[in-house]
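Fold and geometry: a report
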Amino acid sequence: MNPMSFDVKRAVAAVGAKLVDPPEVLLVLGSGLGGLVELVEDAVSVSFEDVPGFPPVGVKGHSGRYVAGSLDGRRVLIQAGRFHLYEGLPMELVCAPVRIAAALGVRACIFTNAAGGISRKLHPGSLMLIDDHINLQWRSALAGAVVEGDERFPDMSAPYDGELQRIAVAAALELGERLERGTYAAVMGPSYETPAEVRMLAKMGADAVGMSTVPEVITARAMGLPCLGFSLITNHAAGLSLELLDHDDVMAVGAQARVKLSKIICGVLSRIQS
Ligand code: HPA
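Residues numbered from 1 in each chain as written. Predicted model: local features only at pLDDT ≥ 70, side-chain atom pairs only at ≥ 80, totals over all residues. Heavy atoms only, no water.

1. Concerning the layout of surface pockets
Its boundaries defined by the atoms lining it, the largest pocket holds a volume of some 650 Å³. In terms of lining residues, the largest pocket is bounded by 35 residues, among which S31, H84, Y86, H247 and M251 are the most central. Per-element accounting of the lining of the largest pocket gives the leading share, four residues, to strand β5 (residues 108–117). For the lining of the largest pocket, the per-class residue count stands at 16 nonpolar, 16 polar and three charged. (1 Å grid on protein atoms, 1.4 Å probe; cavity = no way out; pocket = protein on both sides within 12 Å on 5 of 7 lines; lining within 4 Å. Points joined across faces, edges and corners; volume = space filled by probe spheres on them. Helix = DSSP H or I, 4+ residues; strand = E, 2+ residues; numbered from the N terminus. Nonpolar A, V, L, I, M, F, W, Y, C, P; charged D, E, K, R; others polar.)

Right, here's the structure in full:
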């Protein structure tokens, strides 16, 4: 698909018209992590239904929204809800929210997701700072005509920003919260992995597995935006425990961990230099 067929300018005009100040940081909240929006001051909410080009709610089944405002001293644009490839949606739509945020002025991106733990050190409720990723979705966010302003061949030797990572580790340390580090493998889904696939992922060097984030990070890097990523481990990956994987159970895990992650993110925001 031609990456220019999503009309970013039209979406930016619609969202930008509702914002009071340009946002500095994009915060993408994965499944079940939406609680942070409650903490935003002077919040302005824009439903995804009101963003031209986004699919109608009926198609996606559940709605998402942007919430802009102030959080721990930073002007944030929170994206509560995201589009996934496994929904059958085009790659350009999966990445469009990042392009919209960039056009609205954000200078850094923080991504969160729910993931299955592969590494022995990761258990349901663990938090992992994403150090690196493996793209197993068999497609790139950048395939097709180069989008104006994008780097055609972005360097990916440090997809997650070292300085933002240092800030995240410092924030977790000050809060006394354990923050593991590791490599996130992005798969297509929507079926969970088989035990054999999880053994393969472990051999490849993956510590956690999920179905999102990587296309958005690749897009952000092509635009030169620094990225930070966190995985909330909701389950042991398939075959590593006796439990069968059920989506509702997976999403119910870790209310405490979600609060911890929210605190770490607020700590990061308060430390980011404007
Ligand atoms: N696999 C893939 N995606 C996931 C998982 C998993 O085990 N848990 C949460 N998202």
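2. Digging into the site of the ligand
Taken together, 12 residues lie near the ligand, and G116, E193, G210, T234 and N235 sit nearest. Within the side chain of T234, one N or O atom sits 3.5 Å away from a nitrogen atom of the ligand. At 2.7 Å, a side-chain N or O of N235 approaches a nitrogen atom of the ligand. Across the complex, the protein chains shield 96% of the 260 Å² of accessible surface that the ligand would expose by itself. Judged by the fraction of its atoms near the pocket grid, the ligand is located in the largest pocket. For the shell around the ligand, the secondary structure elements donating two or more residues are β5, β8 (208–210) and β9 (227–236). When residues of the shell around the ligand are assigned to their parent elements, the largest contribution, three residues, is made by β5. (Near = heavy atom within 4 Å. Polar contact = N/O pair within 3.5 Å; in protein donor to acceptor, adjacent residues only side chain to side chain. Areas by Shrake-Rupley, 256 points an atom, 1.4 Å probe, with all protein chains shown as cover. Sits in = over half its atoms within 2 Å of the grid points.)

3. Digging into the environment of S47
Assignment of secondary structure puts S47 in strand β2 (residues 41–47). Along the backbone, S47 and V15 are 32 residues apart, and their C-alpha atoms lie at a distance of 9.3 Å. When sequence neighbours within four positions are dropped, the list of residues in contact with S47 reads G64 and R65. Within the structure, the side chain of S47 is placed 3.0 Å from the backbone nitrogen of E49, a separation counted as a polar contact. (Contact = heavy atoms within 4.5 Å.)

4. Things to note about the packing of helix α3 (residues 91–104) against helix α6 (residues 214–222)
In the contact formed by α3 and α6, the axes pass within 9 Å of each other and the chain directions differ by 55 degrees. With respect to α6, the element α3 is oriented oblique. Like other packed secondary-structure pairs, α3 and α6 cross with a definite hand, here right-handed. Between α3 and α6, the contacting residues are M91, V94, C95, V98 and R99 on the first element and P215, E216, T219 and A220 on the second. In the contact of α3 with α6, the residues fall into six nonpolar, one polar and two charged. (Axes fitted to C-alpha atoms, helices over the stretch in contact; angles between N-to-C directions. Parallel < 35°, antiparallel > 145°, perpendicular 65-115°, else oblique. Left-handed = near helix turned anticlockwise from the far one by under 90°.)

5. Brief notes about the nonpolar core
With 47 residues, the main nonpolar core has L26, V51, F54, Y66, L77 and I100 as its most contacted residues. Of all the elements, α3 adds the most residues to this core, at nine residues. Non-local contacts of V51, meaning those with residues more than four positions away in its chain, are made with A11, V15, V46, Y66 and I100. Within the second largest apolar cluster, 33 residues are counted, among which are L27, I110, A172 and V268. (Core = buried A, V, L, I, M, F, W, Y, C linked by side-chain atoms within 4.5 Å. Buried < 20%, exposed > 50% of the residue type's maximum accessible area, 1.4 Å probe, protein only.)

6. A look at unusual backbone geometry
With an omega dihedral of -5 degrees, the bond running from G189 to P190 counts as a cis peptide bond. Structurally, the position occupied by P190 is in the loop between β7 (180–187) and α5 (195–204). Here the phi dihedral of D72 falls at roughly 50 degrees; this positive angle occurs in a residue that is not glycine. Inspection of the secondary structure assignment puts D72 in the loop between β3 (65–71) and β4 (74–80).

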